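Residue-level listing of the chains:
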Amino acid sequence: MSDLHTLFGAEGALAGGLRGFQPRPQQLELAEAIAQTLQSHGVLVAEAGTGTGKTLAYLAPAVLSGARVLVATGTKNLQDQLFDKDIPLLRRVLGTPFQAALLKGRSNYLCPYRLENGVGFEWQGRHPYLADHEKIRAWAGRTKSGDIAEIPDVPESAPVWPAVTSTADNCLGQDCPELHRCFLLKARRKAQDARIVVINHHLLCAEWRLRQEGFGELLTDADAVIVDEAHQLAETAGQFLGLTLSARRMVELARDSLNEQHRDAPEMRELGDAAERLERHARDLRRYFSAQSGRGPWADVENNPLLSDGLDELTRELDGLARRLETAAARGKGLEACWKRAVELRDNLSQLRQDDAGEWVRWYETFRQGYSFSRTPLSIAQEFRRFMDAFGASWIFLSATLSVNGRFEHFTGALGVDDAQTR
């Protein structure tokens with residue numbers, strides 16, 4: 001611990017390397033608790049209020065430990081702060097070389113396959129989209145990372161991005177003909193070689209799902225997982241254990257199916273017609289909800305005849321598209337992937353409409369132009385604890401707001417970490 005006292009002291013390396021640094025007893029106390037947890041392979045739940053300086057308090061012991069550490073945040077802003085500001089600062093003041101990596105979600109990386117196959121019917125007559133597409137194509141020839149944040153001329157909210165980035169739904173995986181150019185794959189390989197890897201809660205939960213399926217790469221040899229903004233984790237984890245079906249997923253399936261049909265099966269016009277009908281019905285369902293955005297219970301859906309009938313129609317359209325895609329699947333990997341997606345979405349809709357005897361909470365959410373249906377488990381504690389225990393890593397949960405009236409039972413019970421040390 002003497003290294004931490006020196007580092008965070010009035011005459012320490014941080015004081016010399018960070019203008020305006022002032023020693024804070026709470027910051028040193030947190031850093032020491034984290035260092036002890038890393039040594040003991042334990043579980044720590046710590047509440048550190050604004051102004052404590054918690055990011056340096058967990059990064060410093062993580063670096064000094066020599067361990068391989070995943071840091072998961074709830075927001076992109078904190079990811080950027082850690083990677084662009086705090087980690088370079090520590091590397092400079094500690095004089096200790098270490099490799100760090102920032103790994104973002106799949107949709108933050110250009111997909112070469114979708115870039116090459118996205119131009120076509122979808123862009124005809126849409127000049128602003130086409131102009132953005134040409135900017136992206138020019139940038140694609142010079143980018144090393146494929147991170148869409150590199151190209152400020154096309155904002156991350158631009159409608160063109162879903163056509164040239166991938167999702168878990170539409171990624172072709174090992175079957176992709178552009179796998180050797182995949183920026184996401186390159187980023188993951190870089191992360192596997194790093195000692196400090198900055199991710200977000202969604203990626204942490206995605207690794208959880210992969211591990212359940214017998215895969216999982218980032219967590220396999222991690223010595224510790226530090227979860228910042230941990231008050232948000234339970235909701236994100238519940239989404240990954242549950243089901244969510246959105247209008248966007250159905251519209252993207254319809255557009256991708258139509259794109260692949262134009263490319264690999266142009267004579268199968270009934271397939272294109274089925275895709276267009278699905279997109280139309282998926283969009284039209286929004287008008288049967290309130291014009292206001294918000295969440296509501298599943299009973300609102302069941303008790304609205306227009307919504308109930310609309311879901312019946314969506315089921316028929318998904319089934320019809322799935323059958324036509326099955327016939328066309330042999331024409332190309334893209335059509336085969338769309339067929340599997342259509343079957344999955346059809347089955348998801350069927351599951352969402354089933355009442356599972358109180359084990360799940362079903363609800364909907366509406367947005368300005370879309371909606372989603374969700375089914376989340378009442379409790380994730382048992383599954384999440386099993387995930388934590390699957391490998392011998394330290395777990396550290398941090399936030400400015402974790403306790404209720406000075407007690408941590410609400411948070412620890414939700415994640416199944418009732419035996420954690422709390423501070």
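Structure: see above.
Residues numbered from 1 in each chain as written. Predicted model: local features only at pLDDT ≥ 70, side-chain atom pairs only at ≥ 80, totals over all residues. Heavy atoms only, no water.

A. Spotlight on the overall build of the protein. When helices and strands are tallied, the protein shows 18 helices and eleven strands. Relative to the globule expectation of 22 Å for 423 residues, the C-alpha radius of gyration of the protein, 24 Å, shows essentially globular dimensions. The C-alpha extent of the protein, read off along each of the three principal axes, is 75 × 55 × 40 Å. By residue count, 51% of the 423 residues in the protein fall in the buried class. Here the analysis covers contacts within the protein between residues at least 6 apart in sequence; of these, 76% occur between residues at least 24 apart. For the protein, the accessible area works out to roughly 20100 Å², and carbon and sulfur atoms hold 48% of it. On the protein, the mean spot of the 51 positive side-chain charges and the mean spot of the 58 negative ones are 4 Å from each other. (Helix = DSSP H or I, 4+ residues; strand = E, 2+ residues; numbered from the N terminus. Rg over C-alpha atoms; globule rule 2.2 N^0.38 Å. Buried < 20%, exposed > 50% of the residue type's maximum accessible area, 1.4 Å probe, protein only. Contact = heavy atoms within 4.5 Å. Areas by Shrake-Rupley, 256 points an atom, 1.4 Å probe, with all protein chains shown as cover. Lys, Arg positive; Asp, Glu negative; His and termini not counted. Charge placed at Lys NZ, Arg CZ, Asp CG, Glu CD.)

B. Structural context of the nonpolar core. Ranked by internal contacts, the top residues of the largest apolar core, which has 50 residues, are I136, W161, L204, F384, W395 and F397. In this structure, W161 is in contact with I136, W139, I148, I151, V154, P155 and E156, ignoring residues within four places of it in sequence. (Core = buried A, V, L, I, M, F, W, Y, C linked by side-chain atoms within 4.5 Å.)

C. Just the sheet that holds strand 8 (residues 360-366), in detail. Spatial strand order, 6-9-8-7: four strands in an open sheet with antiparallel pairing. Edge positions in the sheet fall to strand 6 (243-246) and strand 7 (294-297), since each of these pairs with one other strand and no more. Here the strands of the sheet are splayed against their neighbours by 20° on average, with no regard to which way each runs. The pairing of strand 8 with strand 9 (residues 371-377) spans seven bridges and is classified as antiparallel. Bridge assignment links R362 to a residue of strand 9, and that residue is R375. (Pairing = 2+ DSSP bridges. Axes fitted to C-alpha atoms, helices over the stretch in contact; angles between N-to-C directions.)

D. Structural context of the side chain of Q79. By the element assignment, Q79 lies in helix 5 (residues 76-94). There is a polar contact of 3.4 Å between the side chain of Q79 and the backbone oxygen of L103. Contacts of Q79, omitting those with residues within four sequence positions, involve T73, L102, L103, V198, I199 and N200. (Polar contact = N/O pair within 3.5 Å; in protein donor to acceptor, adjacent residues only side chain to side chain.)

E. Spotlight on helix 13 (residues 269-284). With 16 residues, helix 13 extends 23 Å from end C-alpha to end C-alpha; this agrees with the ideal 22 Å at 1.5 Å per step. Along helix 13, the residues that are buried comprise L271, G272, A274, A275, L278, E279 and A282. Angularly, the buried residues of helix 13 cover 160° about the axis, an arc narrow enough to put them on a single face. In the core, the buried residues of helix 13 are packed alongside helix 12 (247-264), helix 15 (305-328), helix 16 (333-352) and strand 9. (Expected span 1.5 Å × (residues − 1). Arc of directions from axis to C-beta.)

F. View of the sheet that holds strand 5 (residues 224-227). In spatial order, the strands read 3-4-2-5-10-1-11; together these seven strands make up an open sheet with parallel pairing. Only two strands of the sheet have a single neighbouring strand rather than two, namely strand 3 (100-102) and strand 11 (421-422). With five bridges connecting them, strand 2 (residues 69-73) and strand 4 (residues 196-200) associate as parallel partners. Following the sheet pairing, V71 is matched in strand 4 by V198. Contacting strand 2, strand 3 and strand 4, helix 5 runs over the sheet at an angle of about 165° to strand 3.

G. Structural context of helix 5. An ideal rise of 1.5 Å per residue puts 27 Å on 19 residues; helix 5 measures up with 26 Å between its terminal C-alpha atoms. The largest bend along helix 5 reaches roughly 35° and is located at L82. Along helix 5, the residues classified as buried are L78, Q79, L82, D86, I87, L89, L90 and V93. At the exit of helix 5 stands G95, carrying a positive phi of roughly 65°. (Bend = angle between axes of the 7 residues up to and from the residue.)

H. Just the packing of aromatic side chains, in detail. Under the counting rule described, the total for this entry stands at eleven aromatic pairs. On the basis of an interplanar angle of 65° and a centroid distance of 5.6 Å, the ring pair of F384 and F387 is categorised as edge-to-face. Taken together, the residues F384 and F387, both in helix 17 (residues 381-389) and three residues apart, mark about one turn of the helix. The residues F384 and F387 share a single accessibility class, namely buried. Seen from their ring centres, W395 and F397 are 5.9 Å apart, and the 20° between their planes marks the pair as stacked. With respect to burial, W395 and F397 carry one shared label: buried. An aromatic cluster is defined as three or more aromatic residues linked by ring pairs; in this entry it consists of F289, W298, Y364, Y371 and F373. Note that R91 overlies the ring of F98, its terminal NZ or CZ placed 4.7 Å from the centroid. Above the ring of W360, the side-chain terminus of R375 is found at 4.0 Å from the ring centroid. (Phe/Tyr/Trp six-rings, centres within 6.5 Å; stacked < 30°, edge-to-face > 60°. Lys NZ or Arg CZ within 6 Å of the ring centre and 35° of its normal.)

I. Geometry of the environment of A254. Looking at the secondary structure, you find A254 in helix 12. For A254, a relative accessible area of 2% corresponds to the buried category. Note: C-alpha distance between A254 and S374 (120 residues apart in sequence) is 21 Å. Setting aside residues no more than four positions away along its own chain, A254 makes contact with A275, L278 and E279.

J. Region of interest: the packing of helix 4 (residues 54-65) against helix 5. Viewed as axis vectors pointing N to C, helix 4 and helix 5 meet at an angle of 55°, and their least axial separation amounts to 10 Å. One finds that helix 4 runs oblique with respect to helix 5. As helix 4 packs across helix 5, the resulting crossing turns out to be right-handed. Between helix 4, through T55, L56, Y58, L59, A60, V63 and L64, and helix 5, the contact on the second element is made entirely by L78, Q81, L82, D86, I87, L89, L90 and L94. The residue inventory of the contact of helix 4 with helix 5, partitioned by class, reads twelve nonpolar, two polar and one charged. (Parallel < 35°, antiparallel > 145°, perpendicular 65-115°, else oblique. Left-handed = near helix turned anticlockwise from the far one by under 90°. Nonpolar A, V, L, I, M, F, W, Y, C, P; charged D, E, K, R; others polar.)

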